[in-house]
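Below are the chains, spelled out letter by letter.
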Amino acid sequence: MSDSQTDRTGPRTLFEKVWSEHIVREDAGAPAVLYVDLHLVHEVTSPQAFDGLRARGLKFRRTDRTVATMDHSTPTLPRRLAVVDPQAAAQLAKLKANCAEFGVTLYDLDSAEQGIVHVIGPELGVTQPGCTIVCGDSHTSTHGAFGALAFGIGTSEVEHVMATQCLLQSRPKTLEVRVDGKLPAGVGAKDIILAVIAKIGTGGATGHVIEYRGTAIEALGMEERMTVCNMSIEAGARAGMIAPDETTFEWLEGRRFAPKGDAWTAAVAKWKTLKTDPGAKFDASVSLDANTLAPMITYGTNPGMGIPVTGNLPAAGTGETASDRAALAKALDYMGLTAGAPIAGQRVDVVFIGSCTNSRMGDLRSAASVFKGRKVAPNVRVLVVPGSKAVKRQAEAEGLDVVFKDAGAEWRESGCSMCIAMNGDQLSPGQYAVSTSNRNFEGRQGRGGRTLLASPLTAAAAAVTGKVTDPRTLMGGAT
Amino acid sequence: MKIEAKDPFTTLAATFVVLPADNVDTDQIIPARFLKVTDKKGLGDSVFADWRRLPDGSVNTDFPLNRPDAKGAQILVAGQNFGCGSSREHAPWALVGWGLRAIIAPSFADIFKGNAMKNGLLPIAVDAAFHARILEARRADPAARIAVDLPAQTVALEGQPPVRFEIDPFAKECLVHGIDELGYLLERSADIDRYEAKHA
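Because the structure is a prediction, the values reported are computed rather than measured.

Looking at the overall build of chain A
Okay, step 1: Along its length, chain A carries 16 helices and 19 strands.
Okay, step 2: A compact globule built from 479 residues should have a C-alpha radius of gyration of about 23 Å, and chain A, at 22 Å, falls within 12% of that.
Okay, step 3: The principal-axis extent of the C-alpha atoms belonging to chain A is close to 60 × 55 × 45 Å.
Okay, step 4: Here chain A holds 479 residues, and the buried ones make up 65% of them.
Okay, step 5: Expressed as a percentage of contacts within chain A between residues at least 6 apart in sequence, the contacts between residues at least 24 apart total 76%.
Okay, step 6: As displayed, chain A has an accessible area near 15900 Å², and 52% of this comes from carbon and sulfur atoms.

Comments concerning the overall build of chain B
Okay, step 1: Counting its regular elements, chain B contains eight helices and seven strands.
Okay, step 2: Radius of gyration (C-alpha) of chain B: 18 Å, near the 16 Å computed for a compact globule of 200 residues.
Okay, step 3: Principal axes of the C-alpha set define a box for chain B whose edges measure 60 × 45 × 25 Å.
Okay, step 4: Residues classed as buried in chain B amount to 56% of the 200 residues present.
Okay, step 5: Contacts in chain B between residues far apart in sequence, at least 24 positions, make up 66% of those at least 6 positions apart.
Okay, step 6: Taken as a whole, chain B presents about 8500 Å² of accessible surface, with 53% of it coming from carbon and sulfur.
Okay, step 7: Taking the average place of the 23 positive charges on the side chains of chain B and the average place of its 27 negative ones, the gap between the two points comes to 2 Å.

A short note on the sheet that holds strand β1 (residues 11-19) of chain B
Residues and elements named next belong to chain B.
Okay, step 1: Ordered in space as β4-β3-β2-β1-β5-β6-β7, the seven strands form an open sheet in which the pairing is mixed. Among the strands making up the open sheet, the edge pair consists of β4 (122-125) and β7 (163-164).
Okay, step 2: Examined bridge by bridge, β1 and strand β2 (residues 75-78) share four bridges and lie parallel to one another. Within the sheet, the bridge partner assigned to V18 lies in β2 and is V77.
Okay, step 3: Taken strand by strand, helix α5 (residues 128-140) contacts β1, β2, β3 (102-105), β5 (145-149), β6 (154-157) and β7, and its axis lies near 35° from that of β6.

Things to note about the packing of aromatic side chains
Residues and elements named next belong to chain A.
Okay, step 1: Using the criterion set out here, one finds 16 aromatic pairs over all chains in the structure.
Okay, step 2: Seen from their ring centres, F146 and W251 are 5.4 Å apart, and the 65° between their planes marks the pair as edge-to-face. Of the two residues, F146 is situated in the loop between β6 (132-135) and β7 (149-152) and W251 in helix α10 (residues 246-252); the sequence distance between them amounts to 105 residues. Each member of the pair F146 and W251 is classed as buried.

With respect to the packing of helix α13 (residues 361-371) of chain A against helix α16 (residues 456-465) of chain A
Residues and elements named next belong to chain A.
Okay, step 1: Across the interface, α13 lies against α16 with an axial gap of 8 Å and an inter-helix angle of 30°. Taken together, α13 and α16 sit at an angle that is classed as roughly parallel. Every pair of crossing elements has a handedness; the one defined by α13 and α16 is right-handed. From α13, D363, S366, A367, S369, V370 and F371 reach across to α16, where they touch P456, L457, A460, A461, A463 and V464.
Okay, step 2: Of the residues assigned to the contact of α13 with α16, the class counts are nine nonpolar, two polar and one charged.

Overview of the pattern of salt bridges
Pairing between side chains of opposite charge can happen when their charged atoms approach one another.
Okay, step 1: Under the counting rule described, the total for this entry stands at 48 salt bridges over all chains.
Okay, step 2: Residue E398 of chain A is joined to R365 of chain A by a salt bridge in which the shortest nitrogen-to-oxygen separation is 2.8 Å. Of this pair, E398 of chain A sits in the loop between α14 (389-397) and α15 (400-407) while R365 of chain A sits in helix α13, placing them 33 residues apart in sequence.
Okay, step 3: Exposure remark for E398 of chain A: the relative accessible area of 34% places this residue in the partly exposed category.
Okay, step 4: Overall, the relative accessible area of 38% leaves R365 of chain A in the partly exposed class.
Okay, step 5: Close ionic contact of K118 of chain B with E181 of chain B constitutes a salt bridge, the shortest N to O distance being 3.8 Å. Pair noted here: K118 of chain B is in the loop between α4 (110-117) and β4 and E181 of chain B is in helix α7 (residues 181-186), with a separation of 63 residues, a long-range link. In this pair, the class of K118 of chain B matches that of E181 of chain B, namely buried.

Topic: the nonpolar core
Okay, step 1: By size, the foremost hydrophobic cluster in this structure holds 86 residues, and its most contacted members are V351, F371, F404 and V434 of chain A together with F48, F82 and L95 of chain B.
Okay, step 2: Tallying contributions element by element places α16 of chain A first for this core, with seven residues.
Okay, step 3: Residues contacting V351 of chain A, with those up to four places away along its chain left out, are V380, R381, V382, L383, V434, A459, A462 and A463 of chain A.
Okay, step 4: Counting residues in each nonpolar core, the second largest holds 82 residues, with L14, V36, C99 and L175 of chain A among its members.

Overview of the sheet that holds strand β18 (residues 432-435) of chain A
All names here are of chain A.
Okay, step 1: In space, the five strands of this open sheet follow the order β17-β16-β15-β18-β19, with parallel pairing throughout. Of all strands in the sheet, those with a lone pairing partner are β17 (410-411) and β19 (450-453), marking the two edges.
Okay, step 2: Strand direction decides the pairing type here: β18 and β19, joined by four bridges, are parallel. Within β19, the position partnered with Y432 by the bridge is R450.

Focus on the interface of chain A and chain B
Okay, step 1: Taken together, the contact between chain A and chain B spans 63 residues of the former and 52 residues of the latter.
Okay, step 2: Interface area lost by chain A to chain B is led by Q48, R56 and R447 of chain A, which between them contribute 16%.
Okay, step 3: On inspection of chain A and its partner chain B, the count reaches ten salt bridges.
Okay, step 4: Residue R56 of chain A is joined to D180 of chain B by a salt bridge in which the shortest nitrogen-to-oxygen separation is 2.6 Å.
Okay, step 5: The interface formed by chain A and chain B contains 26 residue pairs in polar contact (both at pLDDT 80 or more).
Okay, step 6: Among the secondary structure elements, those contributing two or more residues to the side of chain A that touches chain B are β1 (23-25), β2 (32-35), α3 (47-56), α4 (86-102), α6 (155-164), β8 (166-169) and α12 (322-335) of chain A.
Okay, step 7: Top contributing element to the side of chain A that touches chain B by residue count: α6 of chain A, with seven residues.
Okay, step 8: Within the side of chain A that touches chain B, the residues separate by chemical class into 20 nonpolar, 25 polar and 18 charged.

Description of unusual backbone geometry
All names here are of chain A.
Okay, step 1: For Q165, which is not glycine, the phi dihedral falls at a positive 60°.
Okay, step 2: Relative to the assigned elements, Q165 resides in the loop between α6 and β8.
Okay, step 3: According to the relative accessible area criterion, Q165 is buried, its value standing at 0%.
Okay, step 4: Located in the positive-phi region is A421, a residue other than glycine, with phi close to 55°.
Okay, step 5: Positionally, A421 belongs in the loop between β17 and β18.

Scoring rules and cut-offs
Residues numbered from 1 in each chain as written. Chains lettered and ligands numbered in written order. Predicted model: local features only at pLDDT ≥ 70, side-chain atom pairs only at ≥ 80, totals over all residues. Heavy atoms only, no water. Helix = DSSP H or I, 4+ residues; strand = E, 2+ residues; numbered from the N terminus. Rg over C-alpha atoms; globule rule 2.2 N^0.38 Å. Buried < 20%, exposed > 50% of the residue type's maximum accessible area, 1.4 Å probe, protein only. Contact = heavy atoms within 4.5 Å. Areas by Shrake-Rupley, 256 points an atom, 1.4 Å probe, with all protein chains shown as cover. Lys, Arg positive; Asp, Glu negative; His and termini not counted. Charge placed at Lys NZ, Arg CZ, Asp CG, Glu CD. Pairing = 2+ DSSP bridges. Axes fitted to C-alpha atoms, helices over the stretch in contact; angles between N-to-C directions. Phe/Tyr/Trp six-rings, centres within 6.5 Å; stacked < 30°, edge-to-face > 60°. Parallel < 35°, antiparallel > 145°, perpendicular 65-115°, else oblique. Left-handed = near helix turned anticlockwise from the far one by under 90°. Nonpolar A, V, L, I, M, F, W, Y, C, P; charged D, E, K, R; others polar. Salt bridge = Lys/Arg side-chain N within 4 Å of Asp/Glu carboxyl O. Core = buried A, V, L, I, M, F, W, Y, C linked by side-chain atoms within 4.5 Å. Buried area = accessible area lost by both parts, 1.4 Å probe. Polar contact = N/O pair within 3.5 Å; in protein donor to acceptor, adjacent residues only side chain to side chain.

Given below as C-alpha cells:
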C-alpha cells in the first residue's frame, strides 16, 4: 500500500482527502499526528480522562471544539424523577463538574439539546463534511454519513484529544462497499447494513475505513446514511464514510452551528470536492445488489449473524471452520433457537425502538406507520426512545407519541436506553427482544437477554404481532 | 508539566489461560453495568462477569479463569477478532486488573488493540498453526508456560523454539521504554500550533 505522501498527486479516495488534510506531522517509524476537528464527550468514557488532565496539570486545549452530553447511563424515565442509581447519578454529576471546571459546553439532562451524542452532533450542525470527529464511543462512525472521518476512541485517547486536539493514528486501509440498484418497498438502511455485515462478518473490515457508494447509497436520506455508517464498527471497520452531496447540504443548511451566509457558500464549494476521484483505488471492495435485499434480522450473538426475515436459521453444522461451527452452536444455545428453523414466527417479549442507530424522525415515522390503528400484542413490552429531545419534540408535534401510546407502547425520554442496559432499561434473562439497536452480543440488553437486531419497520411489525414478522405483510396501514 | 512514565514491558514468562471462542466482544470482557465507575481501578473482579458467574450468582467453576490452574496466569490465549465491539477502555483495565499482561490471539479488533497497548497489555497476533500448538500444549500440561520477548518480537512455548510476531514499531517502542503517547504528542505542540494557525 502506498503512503499518503505519494497519494497526493494521483486520484484519491474520499478517505485519503480527509485524512491528508488533517495530518499535523508525519515522521518515519511513527503514526501520523492527526488533528481532530470535533470531540464529542459523554459521561461514561470521560471521567478518567478529565482526572488524567488534572493529575498531570494539563490544560484542555480546545474546549471550543468539544461538545458534551449525557446519554449512556441516563434514565429515560420522566426527567423530573431523580436518577435513582447512585453510581449513575455520581457519574452524571462528575461530568457536570468536569465540564464546568474545564469550560466545556455540556448539554445535560435539563438542556433542550440533550440526546444521544451521535444524534445531537448532526442535529446541531457541528458534524460537517470533511471533518475529523472522535468520541469515546465506537458508534462515532455514524458521523461518516456526512463525509466526515469519524471514529471511536478509548479513554486514554479521549485524554490525548483533550490535551492536544490530536491523536496518533496509523493510516487505515480502505474498503469500498458498493450497493447499487433500488431498494424494494419495506427494505431500508438498516437492512443494507445488516446484509453487509452478514456478508463480510464482524471482523471483515478490521483495519479499514469503509466508503459506502453506489446508487442505492446515493438514494438514501441523511438519517438513513447515518444508520448505515453507524454500524460500520460492527464489521470491525475503523470508520464508515459516504461522500457528501446535495442531500447532505440540504440537510445541514440552517442548522445551529452550520456555516452561514458567505461562509456557507464557501463551505459547500469545498465540500463538493470531497468525493473519490475516478480511478482512485481501494484496498478492497465488496458489492451488494439492493434490488434483491429483503428485511434483515439477526438470530445470533454478533451482528454478522443476520438473515432475511423470510429466511431460515443456518442448518446445524454450518460453517467453514470448526471454530465457526462451534460459534454457531454456542450462539443458538444462548439464543434458544433451533438450527434450520424459520426465524419468522419466533416469539417476542420486548421491542426496543431507539439507539444511535435508529432513533431519528424517519425511524419513528416508519415505526408509527405500522403502529397506527394497531395495538401492541398481548404480553409484549414496547419501548420507543427518541434519540434526542429535539427528536422527541418533533415527534410530539407530529402526533407520533399519541400513535405509540394509543398502540400500547411506552414513549420515553431520550438516551441510549436499552441498547446498552446501564440505565435501568433492560431485558430479563431469557427474554426475546427485537431491537433497532446495533449489538446483539450476549447480555448486551440485560443479562441473559436475547436480542434480534432489525429495522424500525420490522421491530414495529414484531410489536403488533408478538412474533418475528415480515413487515411487508403489514404495510399499507391497519386493516 | 508532568509526563507519566509507564512500567516498561520487555519480557514475560508465565502460565496462561485459554478462552478459545472467536469474536469475544468487550461487552463480555466487562458488561456495561460495570461502566458506571469513574476511575480505572477495581474492575478486575468484574472481568468476564457474566461468564464467571452462573445466573444464580454462584461461581462458574468451569470457566477457564475460575479454575485453580488459572491462578497466577498472566497470559490469555483467545480466539480471533478478540475485543470486538465497544471502544470501552474498561476492557483492558479489567483484564489488567485481573492480572493479565498479554493476550495471544489470531487477530484483534482495532480499538481494543490500541486501548490494550496504552495500558501495558500486549496483544500478540499469531498464526493458526502456532495458536493450535499452544492449545495442544495446554491440554497436555496445565502448567505449560509461554515466554514473550517483546524487544525480540518473539513468543514461545517454554522449552520450544520461539516464533516471531508482528507489532507496530512505534507501539513496541512505547511499551519497551514505558513511553507515554500523550508525552509524545505534547512534545509536538509547536507543530499543532502551526497547523491550527494555518487552518484557523
